[in-house]
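Topology and contacts: notes
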Amino acid sequence: MAAVPDPVRACQSFVIDAERPSDVPAREALLDRAMGPNRRRKSSEKIRRGRMPAEGLALVARDGEGSVIATVRLWNVEAGRDAHGSPVPALLLGPLAVEGRMEGRGVGGALVRQAVSQARALGHGAILLVGDPAYYERFGFTAALTGMLAMPGPFERHRLLALELVEGWLFEAGGTISPSGRAARSQRAAA
């Protein structure tokens, strides 16, 4: 996994870093605690299943001892099709989770800001997510950009949000969001 480009966001109680293979057990345990037993049934999970996160866009926050206290990943997707029938490449953010003892300390916000910054630096055009509008609007996400898009499976329309990193990127995008990223190793081996 590539290192997080400078500047790495840091503060007194945590540091944002690239996710490492050794972080996977801690990340999965954190997601289980934060999202509950039904987390794998969500529409977003259908898109992520069997895929690798977008290159350079799997981040964690670590406490002073180096333990994972928060996680976020972005995934390559197609945001439907444009008016010419061509796929509209985008990213899907999620899941974002913060260890309970660290909630309210700005860790999640710092992760989102770093993920958006890195996605922009890597040349991506838009980020989609399904989440709480009251939380994500402060980062510029809005449902106004997703009116012609749908998730594969049940979702709440007002929670499907987007942020354009390139103005007008989603202007003609319509249809169902689908995965487009690299297959996970176990999927590649089976192919």
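It should be noted that the structure appears before, not after, this text.
Residues numbered from 1 in each chain as written. Predicted model: local features only at pLDDT ≥ 70, side-chain atom pairs only at ≥ 80, totals over all residues. Heavy atoms only, no water.

Let us look at the overall build of the protein chain. Across its full length, the protein chain carries 5 helices and 9 strands. Ordered by position from N to C terminus, the α and β elements of the protein chain give β-α-α-β-β-β-β-α-β-α-β-β-β-α. Counting all 191 residues of the protein chain, 43% fall into the buried class. Contacts in the protein chain between residues far apart in sequence, at least 24 positions, make up 68% of those at least 6 positions apart. Split by element, the accessible area of the protein chain, about 9,600 Å² in all, is 52% carbon and sulfur. (Helix = DSSP H or I, 4+ residues; strand = E, 2+ residues; numbered from the N terminus. Buried < 20%, exposed > 50% of the residue type's maximum accessible area, 1.4 Å probe, protein only. Contact = heavy atoms within 4.5 Å. Areas by Shrake-Rupley, 256 points an atom, 1.4 Å probe, with all protein chains shown as cover.)

Bringing the packing of aromatic side chains into the picture now. Following the criterion strictly, the structure yields 4 aromatic pairs and no others. When the ring of Tyr135 is compared with that of Tyr136, the centres are 4.9 Å apart and the planes differ by 85°; the resulting orientation is edge-to-face. Of the residues examined, Tyr136 reaches a relative accessible area of 10% and is grouped as buried. Measuring from ring centre to ring centre gives 5.9 Å for Tyr136 and Phe141, while their planes differ by 80°; the resulting arrangement is edge-to-face. Residue class for Phe141 comes out buried when judged on its relative accessible area of 2%. Through a chain of ring-to-ring contacts, three or more aromatic side chains come together here, namely Tyr135, Tyr136, Phe139 and Phe141. (Phe/Tyr/Trp six-rings, centres within 6.5 Å; stacked < 30°, edge-to-face > 60°.)

A separate point is the pairing of strand 9 (residues 174-179). Two elements, strand 3 (residues 68-81) and strand 9, share 4 bridges in a ladder whose sense is antiparallel. Residue pairing in the sheet places Glu78 in a bridge with Ser178 of strand 9. Two strands pair when backbone bridges link them, and strand 7 (residues 149-150) and strand 9 are joined in this way by 2 bridges, in the parallel orientation. Note that in strand 9 the partner of Ala150 across the bridge is Thr176. (Pairing = 2+ DSSP bridges.)

Turning next to unusual backbone geometry. Omega for the peptide link from Gly94 to Pro95 comes to -10°, which places this bond in the cis form. For Pro95, the position within the fold is in the loop between strand 4 (87-93) and strand 5 (97-98).

Right, let's get into helix 1 (residues 24-35). For helix 1, with 12 residues, the first-to-last C-alpha span of 16 Å sits near the 16 Å given by 1.5 Å per residue. Taken as a whole, helix 1 has its buried residues at Arg27, Leu30 and Leu31. Looking down the long axis of helix 1, one finds its buried residues gathered within 100° of arc, a one-sided arrangement. Opposite its buried face, helix 1 presents the exposed residues Pro25 and Arg33, each directed more than 90 degrees away. The inward-facing, buried residues of helix 1 contact strand 3 and strand 5. Where helix 1 terminates, the next one or two residues include Gly36, which has phi positive at roughly 85°. (Expected span 1.5 Å × (residues − 1). Arc of directions from axis to C-beta.)

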